[in-house]
Amino acid sequence: MPREDLRRMLEAARHAPSATNQQPWHFVVVQDRGLLQQMAQAVEHKFCSLLERSEKVGAPRRMEAYLRYLRRFSTFFAQAPVTIAVLQKDYDLVDLNAIELILGQQHDPSPHGVAAAVENLLLAAHALGYGACWTHGPLVARNELERLLGVARPWRLFAMVPVGLPAESPPARPRKPLEEIVTFLP
Ligand SMILES: Cc1cc2nc3c(=O)[nH]c(=O)nc-3n(C[C@H](O)[C@H](O)[C@H](O)COP(=O)(O)O)c2cc1C
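**Student:** Break down helix 6 (residues 142-149) for me, with residues and values.
**Tutor:** Looking only at helix 6, the buried set comprises Leu145, Glu146 and Leu149. An end-on view of helix 6 places all buried positions within 100° of arc, on one side of the element. At its buried positions, helix 6 is contacted by strand 1 (25-30), helix 2 (33-56), strand 2 (82-88) and strand 4 (156-164).

**Student:** Residue-level account of the packing of helix 2 against helix 6, with values.
**Tutor:** Axis angle and axis distance: for two packed helices, these are the angle between their axes and the distance between the axes, and together they describe the pair. Put simply, helix 2 and helix 6 touch, their axes get as near as 9 Å, and they point 165° apart. Judged by the inter-axis angle, helix 2 sits roughly antiparallel to helix 6. As for the relative orientation of helix 2 and helix 6, their crossing is right-handed in sense. In this structure, helix 2 uses Leu35, Gln38, Met39, Ala42, Val43 and Lys46 to contact helix 6, whose residues at the interface are Glu144, Leu145, Leu148 and Leu149. Residue composition of the contact of helix 2 with helix 6, by class: 7 nonpolar, 1 polar and 2 charged.

**Student:** Outline unusual backbone geometry, listing residues and values.
**Tutor:** Along the chain, arginine 153 connects to proline 154 via a cis peptide bond; the corresponding omega equals 15°. With respect to the element layout, proline 154 can be found in the loop between helix 6 and strand 4. Notably, asparagine 21 is not glycine yet its phi reads approximately 55°, a positive angle. Note on placement: asparagine 21 falls in the loop between helix 1 (3-14) and strand 1. Although it is not a glycine, glutamine 23 adopts a positive phi angle of roughly 50°. Summarising the element assignment, glutamine 23 is placed in the loop between helix 1 and strand 1.

**Student:** Please set out the sheet that holds strand 2 residue by residue, giving values where relevant.
**Tutor:** Pairing is antiparallel in the open sheet, where 4 strands are placed in the order 1-2-4-3. The outermost strands of the open sheet, each flanked by one partner alone, are strand 1 and strand 3 (131-132). Pairing of strand 3 with strand 4, which is carried by 2 bridges, proceeds in the antiparallel orientation. Its bridge partner lying in strand 4, alanine 132 is registered against valine 163. Packed on one face of the sheet, helix 1 meets strand 1, strand 2 and strand 4 and runs near 165° to strand 1. Where helix 5 (residues 110-127) meets the sheet, its contacts fall on strand 1, strand 2, strand 3 and strand 4, and the angle it forms with strand 4 comes to roughly 5°.

**Student:** Outline the nonpolar core, supporting the account with residue identities and numerical values.
**Tutor:** Of all hydrophobic cores here, the largest spans 21 residues; its most connected members are Met9, Phe27, Ile84, Val86, Val161 and Val163. At the level of elements, helix 1, strand 1, strand 2, helix 5 and strand 4 are the ones that each hand at least two residues to this core. Ranked by residue count, the leading element in this core is helix 5, at 7 residues. Beyond its immediate chain neighbours, meaning those up to four positions away, phenylalanine 27 contacts Leu10, Ala13, Ile84, Ala85, Val86 and Ala117.

**Student:** Account for the site of the ligand, naming residues and giving values.
**Tutor:** In the region of the ligand, the neighbouring residues are Phe73, Phe76, Cys133, Trp134, Thr135, His136, Gly137, Arg173 and Arg175. With respect to the ligand, the side chain of arginine 175 contributes an N or O atom lying 2.9 Å from an oxygen atom. According to the grid-proximity analysis, the pocket containing the ligand is the largest pocket. Each residue belonging to the shell around the ligand can be placed in one class, and the counts come to 4 nonpolar, 3 polar and 2 charged.

**Student:** Tell me about the layout of surface pockets, and please be specific about residues and values.
**Tutor:** The computed volume of the largest pocket comes to approximately 1400 Å³. Lining the largest pocket are 33 residues, and of these Phe76, Gly131, Ala132, Cys133 and Pro170 sit closest to its centre. Only helix 3 (61-72), helix 5, strand 3 and strand 4 provide two or more residues apiece to the lining of the largest pocket. The element that contributes the greatest number of residues to the lining of the largest pocket is helix 5, accounting for 4 residues. Of the residues belonging to the lining of the largest pocket, the class tally is 20 nonpolar, 9 polar and 4 charged.

Calculation notes
- Counting of residues starts from 1 at the beginning of each chain's written sequence and follows it residue by residue.
- The predicted origin of the model limits local features to residues at a pLDDT of at least 70 and limits the giving and counting of side-chain atom pairs to 80 or more, whereas totals for whole chains, interfaces and linings rest on all residues.
- Only hydrogens and water are set aside; all other atoms, that is, all heavy atoms of the structure, feed into the side-chain values.
- Throughout, exposure labels follow a simple rule: accessible area from a 1.4 Å probe, protein chains only, divided by the maximum for the residue type, with under 20% read as buried, over 50% as exposed, and the rest as partly exposed.
- The way it works is that DSSP assigns letters per residue, a run of H or I at least four long becomes a helix, a run of E at least two long becomes a strand, and they are numbered from the N terminus.
- Of all possible arcs, the one meant is that of the directions from the helix axis to the C-beta atoms.
- What makes two residues a contact is simply this: any of their non-hydrogen atoms within 4.5 Å.
- The axes are straight lines fitted to the C-alpha atoms, using for helices just the contacting stretch, and the angles between their N-to-C directions are given from 0 to 180°.
- Orientation labels follow simple angle bins: below 35 degrees gives roughly parallel, above 145 gives roughly antiparallel, 65 to 115 gives roughly perpendicular, and whatever is left gives oblique.
- Handedness of each helix crossing follows the sense of rotation of the near helix against the far helix: counterclockwise by less than a right angle gives left-handed, clockwise gives right-handed.
- Note that Gly is not counted as nonpolar here; it falls among the polar residues with everything else outside the nonpolar set of Ala, Val, Leu, Ile, Met, Phe, Trp, Tyr, Cys and Pro and the charged set of Asp, Glu, Lys and Arg.
- Pairing between two strands requires that DSSP report at least two bridges joining them.
- Only buried Ala, Val, Leu, Ile, Met, Phe, Trp, Tyr and Cys residues count toward a nonpolar core, and they belong to the same one when joined by side-chain atoms within 4.5 Å.
- It suffices for a single heavy atom of a residue to lie within 4 Å of a molecule or strand for the residue to be listed as near it.
- We call two N or O atoms a polar contact when they sit within 3.5 Å, provided that within protein one can donate a hydrogen and the other can accept it, with sequence-adjacent residues counted only if both atoms are side-chain atoms.
- The pocket and cavity definitions rest on a 1 Å grid over protein atoms only: a 1.4 Å probe that fits but cannot leave marks a cavity, an open set with protein on both sides within 12 Å along at least five of seven lines marks a pocket, and residues lining either have an atom within 4 Å of a point.
- Criterion for pocket placement: a molecule counts as inside a cavity or pocket if more than half of its atoms are within 2 Å of its grid points.
- Grid points are joined across faces, edges and corners, and a volume is the space filled by probe spheres set on the points.

Okay, structure coming up:
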């Protein structure tokens, strides 16, 4: 993939909004086939052990079915010419713990900004004629992937985004109609 195209996608990502403009993101561009294979193996291995464990503890069948379903969509990143590992770090301007204690709920806006960056990345990839996919499934093996990628705290793996020329043009996935998802208050 031409470096200029990658740059344009990453440029779009870095223009995303973020709370108090902290830009709590970092992007690791992975193109090494060997590393991508190792990462996919780590994910596959994790699913195998999760399935074994769920059987051992007698987890509900729908959980096992979900794990099997998710597994199918969690390692294809290794086939893409480029996979961008998106990292996130928590908001660090204020004492979040204190705020959360008083509020009694989580209040870290950081993941929202990183999500916006991922969306910008997807839109830019699409505009340039590439296919890209936001994937969270691989994060079942988050610790293992972070080790392979050399991710150290305060950074955490947030999403994996494989990018490449689309091998097919599937029909658009359906969306709920506006009537179902919008409430106009009088
Ligand atoms: C937070 C998030 C996590 C996702 N994780 C995965 C994933 O692990 N594997 C995958 O194939 N797609 C994943 N997707 C893509 C969704 O399946 C996809 O966006 C949805 O089915 C609608 O399809 P469309 O985006 O092509 O319209 C994820 C999307 C989001 C926003």
